[in-house]
Amino acid sequence: MHSTVWSYEDFCRILDDFPSLKREVNGKRLVYLDNAASTLKSKSVIEKMTDFYLNHYSNIHRAVHTLASEATVAYEEAREKVAKFLNARPEEVVFTSGTTMGINFLVNSFIRSGILNQEDTVLLSQVEHHANLVPWVRLSKFHGFRVEYIKADEKGVITNEAILETKNLNPKVISITGQSNVTGQEMPLQLLRETFKSSIFIVDGAQLVPHKKIDVKKLDVDFLVFSGHKMLAPTGIGVLYGKKELLEKIEPFLYGGEMIDKVTFEDVSFNVLPYKFEAGTQHIAGAVGLGYTIDYLEKIGFEKIEKHIEELSGYLLEKMANLDFVEIYGPFDSSHKSLVSFNVKGVHPHDVSHILDENFAVATRSGHHCAQPLMSVLARGSKIDFPNSTVRASVYFYNTKEDIDILIEGLKYIKRWFE
Ligand SMILES: Cc1ncc(COP(=O)(O)O)c(C=O)c1O
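These numbers come from a predicted model, not from an experiment. (Residues numbered from 1 in each chain as written. Predicted model: local features only at pLDDT ≥ 70, side-chain atom pairs only at ≥ 80, totals over all residues. Heavy atoms only, no water.)

Engineer: What's the story with the domain arrangement of the protein in this structure? I'm lost.
Structural biologist: Buried accessible area, meaning the area lost when the parts come together, often serves as the stated size of an interface. Along its sequence, the protein is carved into domain 1 (8-38 + 301-418) and domain 2 (46-299). Between domain 1 and domain 2, the C-alpha centre-to-centre distance is 28 Å. Of the residues lining the interface, 37 residues belong to domain 1; the matching set on domain 2 comes to 35 residues. When domain 1 packs against domain 2, the two sides together hide about 2,900 Å² of surface, and 57% of this comes from carbon and sulfur. Of all residues in domain 1, the largest losses of buried area upon contact with domain 2 belong to Phe302, Leu374 and Tyr396, amounting jointly to 21% of the total for that side. For the pair domain 1 and domain 2, the interface holds 1 salt bridge. (Domains from an automatic or database assignment. Contact = heavy atoms within 4.5 Å. Buried area = accessible area lost by both parts, 1.4 Å probe. Salt bridge = Lys/Arg side-chain N within 4 Å of Asp/Glu carboxyl O.)

Engineer: It is not clear to me how the packing of helix α11 (residues 302-321) against helix α14 (residues 401-418) should be interpreted in this structure. Could you clarify?
Structural biologist: The description of two packed helices rests on the angle between their axes and on the distance between the axes. Two elements in contact, α11 and α14, have axes separated by 10 Å at closest approach and are oriented at 20°. Taken together, the axes of α11 and α14 are roughly parallel relative to one another. Regarding α11 and α14, the two cross each other, and that crossing is right-handed. Residue-level inspection shows Glu311, Leu312, Tyr315, Leu316, Lys319 and Met320 of α11 in contact with α14, the latter providing Lys401, Ile404, Asp405, Leu407, Ile408 and Leu411. (Axes fitted to C-alpha atoms, helices over the stretch in contact; angles between N-to-C directions. Helix = DSSP H or I, 4+ residues; strand = E, 2+ residues; numbered from the N terminus. Parallel < 35°, antiparallel > 145°, perpendicular 65-115°, else oblique. Left-handed = near helix turned anticlockwise from the far one by under 90°.)

Engineer: Can you help me understand unusual backbone geometry in this one?
Structural biologist: Both trends apply: most residues other than glycine have a negative phi, and most peptide bonds are in trans. Cis geometry marks the peptide bond from Leu273 to Pro274; its omega dihedral reads 0°. When you line up the elements, Pro274 lands in the loop between β12 (268-270) and α10 (284-300). A positive phi is found at Asn170, a non-glycine position, where the angle reads about 50°. Tracing the backbone through its elements, the reader meets Asn170 in the loop between α6 (160-165) and β7 (173-177). Judged by relative accessible area, which is 56%, Asn170 ranks as exposed. (Buried < 20%, exposed > 50% of the residue type's maximum accessible area, 1.4 Å probe, protein only.)

Engineer: When you look at the site of the ligand in this model, what are you seeing that I'm missing?
Structural biologist: Close contacts around the ligand come from Thr99, Thr100, His129, Ala131, Thr177, Asn181, Asp204, Ala206, Gln207, Ser227, His229 and Lys230, and that covers them all. Here an oxygen atom of the ligand and a backbone polar atom of Thr99 are 3.5 Å apart. At 3.4 Å, a side-chain N or O of His129 approaches an oxygen atom of the ligand. The fraction of the free accessible surface of the ligand (390 Å²) that becomes covered by protein chains is 85%. Split by residue class, the shell around the ligand holds 2 nonpolar, 8 polar and 2 charged. (Near = heavy atom within 4 Å. Polar contact = N/O pair within 3.5 Å; in protein donor to acceptor, adjacent residues only side chain to side chain. Areas by Shrake-Rupley, 256 points an atom, 1.4 Å probe, with all protein chains shown as cover. Nonpolar A, V, L, I, M, F, W, Y, C, P; charged D, E, K, R; others polar.)

Engineer: Sorry if this is basic, but what is going on with helix α4 (residues 99-112) here?
Structural biologist: Since the α-helix advances by 3.6 residues per turn, residues separated by three or four positions end up pointing in the same direction. Across its 14 residues, α4 extends 20 Å between first and last C-alpha, which sits within 8% of the 20 Å expected from 1.5 Å per residue. For α4, the buried fraction is high: 10 of the 14 residues fall into the buried class. All buried positions along α4 are accounted for by Thr99, Gly102, Ile103, Phe105, Leu106, Val107, Asn108, Ser109, Phe110 and Ile111. Looking at the buried side of α4, the elements it contacts are β4 (93-96), α5 (134-143), β7, β8 (200-204), β9 (223-227) and β10 (238-242). (Expected span 1.5 Å × (residues − 1).)

Engineer: What am I meant to see in the pairing of strand β6 (residues 146-150) here?
Structural biologist: Two faces make up the sheet, and in a regular strand the side chains alternate between them. Examined bridge by bridge, strand β5 (residues 121-125) and β6 share 5 bridges and lie parallel to one another. The residue of β6 that forms the bridge with Ser125 is Ile150. In the classification by handedness, the crossover that spans β5, the intervening α5 and the parallel β6 is right-handed. (Pairing = 2+ DSSP bridges. Right-handed = clockwise from strand over helix to strand, strands pointing away.)

Engineer: Explain the pattern of salt bridges here, please?
Structural biologist: Opposite charge on two side chains permits pairing when their charged atoms draw close. Counted by the stated rule, this structure contains 22 salt bridges. Taking the shortest distance from any N to any O, the salt bridge between Arg13 and Asp10 comes out at 3.1 Å. Of the two residues, Arg13 and Asp10 both sit in helix α1 (residues 8-16), 3 residues apart, roughly one turn of that helix. The exposed category is assigned to Arg13, whose relative accessible area is 55%. Taking relative accessible area as the criterion, Asp10 reaches 17% and is therefore assigned buried. Two residues, Lys22 and Asp16, come together in a salt bridge whose shortest N-O distance is 2.4 Å.

Engineer: What exactly am I supposed to notice about the nonpolar core here?
Structural biologist: For soluble globular proteins, the rule of thumb is that nonpolar side chains tend to be buried together. Among the nonpolar cores identified, the biggest contains 109 residues, and Met320, Phe342, Phe397 and Leu411 are the most heavily contacted of them. Sorting elements by how many residues they give to this core places α10 first, with 10 residues. Two domains each provide a minimum of three residues to this core, namely domain 1 (8-38 + 301-418) and domain 2 (46-299). Sequence-distant contacts of Phe342, that is, excluding residues within four places in its chain, are made with Met320, Val326, Glu327, Ile328, Tyr329, Val352, Thr390, Val391, Ala393 and Leu411. Counting residues in each nonpolar core, the second largest holds 28 residues, with Ile111, Ile115, Phe223 and Phe253 among its members. (Core = buried A, V, L, I, M, F, W, Y, C linked by side-chain atoms within 4.5 Å.)

Engineer: Which parts of the structure should I look at to understand a nonpolar patch on the surface?
Structural biologist: Nonpolar side chains collect at one region of the surface, where Tyr53, Leu54 and Tyr57 lie side by side and expose about 340 Å² of accessible area between them. In this structure, Tyr53 sits in helix α2 (residues 43-56). Looking at Tyr53, the relative accessible area reads 44%, which means it is partly exposed. (Patch = residues over 30% accessible without salt bridge, like charges linked within 9 Å, V, L, I, M, F, W, Y side chains within 5 Å.)

Engineer: Teacher, can you tell me more about the sheet that holds strand β14 (residues 339-344) here?
Structural biologist: One key point about sheets: their strands pair by backbone hydrogen bonds, in either a parallel or an antiparallel sense. Spatially, 4 strands are ordered β13-β14-β17-β16 in an open sheet, and the strand pairing comes out antiparallel. The strands lining the two open edges of the sheet, one partner per strand, are β13 (326-329) and β16 (365-367). The sheet shows a mean angle of 30° between the axes of neighbouring strands, direction not considered. Sheet topology note: the β16/strand β17 (residues 390-394) ladder contains 3 bridges and is antiparallel. Each bridged residue has a counterpart across the sheet, and for Arg365 the counterpart in β17 is Arg392.

What follows is the structure, given as structure tokens:
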């Protein structure tokens, strides 16, 4: 295994923590390259969660008994860990069920709070995941605000020029992915912040946060949303970070228990931050698990994780670019991170993905990747009969260059087979 980051011993320790990486699929060692959809889960995080469930679990906040207090402490400690991880304050961290919930939360809260009105513009990019597009587009139909887009070029790249071209739209809100789940492009967030100084700046961190340490203060983002399951944590838990002064201003999306201060038959007042946004019983063990995951990632070393993924990303892109029977999407520079979307000329992506699984135990994803509008952009720039979908191979810190070599071998096999 070749890595300038992990020693052989480091890597063996990592492997021990992900039993799936040692299992066989169709008689071969599994090569898991579907991390952008969801990462594998760590045995040590699961063991800690099991201990929490078996020995310390209860509902949180309300009761005064010992288990409730242990569970509450664990839940609030998880919030503190997330806050520290992002350089935020604990009251600025709201637990959600994931990125999709986070965006729906914000659109609805902005409307209810009178922040988004008929005369306002929301700026997105053409590479957004449906999670950061459908809620804006649908609710614009009912509430009359405009949705505009930063255009992607024919490779699906958002250029600095395209960003600057939209400057005069003067959007009330700009909501953009930190890293595209299709093109792998890491967005120039600093340029976006500087260009839209007076807009509310939302970053969809679903792909970015698992790979890159984000300092919300340094980046000056107003809201950041992400999902735990793309960074080892359980499904059903996510985070919405918001600047305190903005969270204080906006109306909750969900109403119910826990989020209230006083309730009468006629009216309601809200709890303090962040509880005002956490109605009902939360995914308690999920939040606690996300906290354990952050401990785990910090213990391995987030800088090392970033560096290893960067090395793998460069290797993956270079190897793929050498295949003349493959069309690749996204930028051809160092902004292309952690995944590659591509098509094998003349072969449907589902067939490619299926053959890779069956013959090489390589797990990839094929389809439109919840980005149908972007597929139509890629179709215009494509030199092949574009199937409105792509294959996507995505890495995480437990992958190796050998995994990528097996992918490449599989793709060469597919080419020969279809000839
Ligand atoms: C960029 C991006 N945004 C949003 C999402 C939605 O995340 P979730 O399904 O966890 O809500 C994804 C999931 O793939 C994504 O890649």
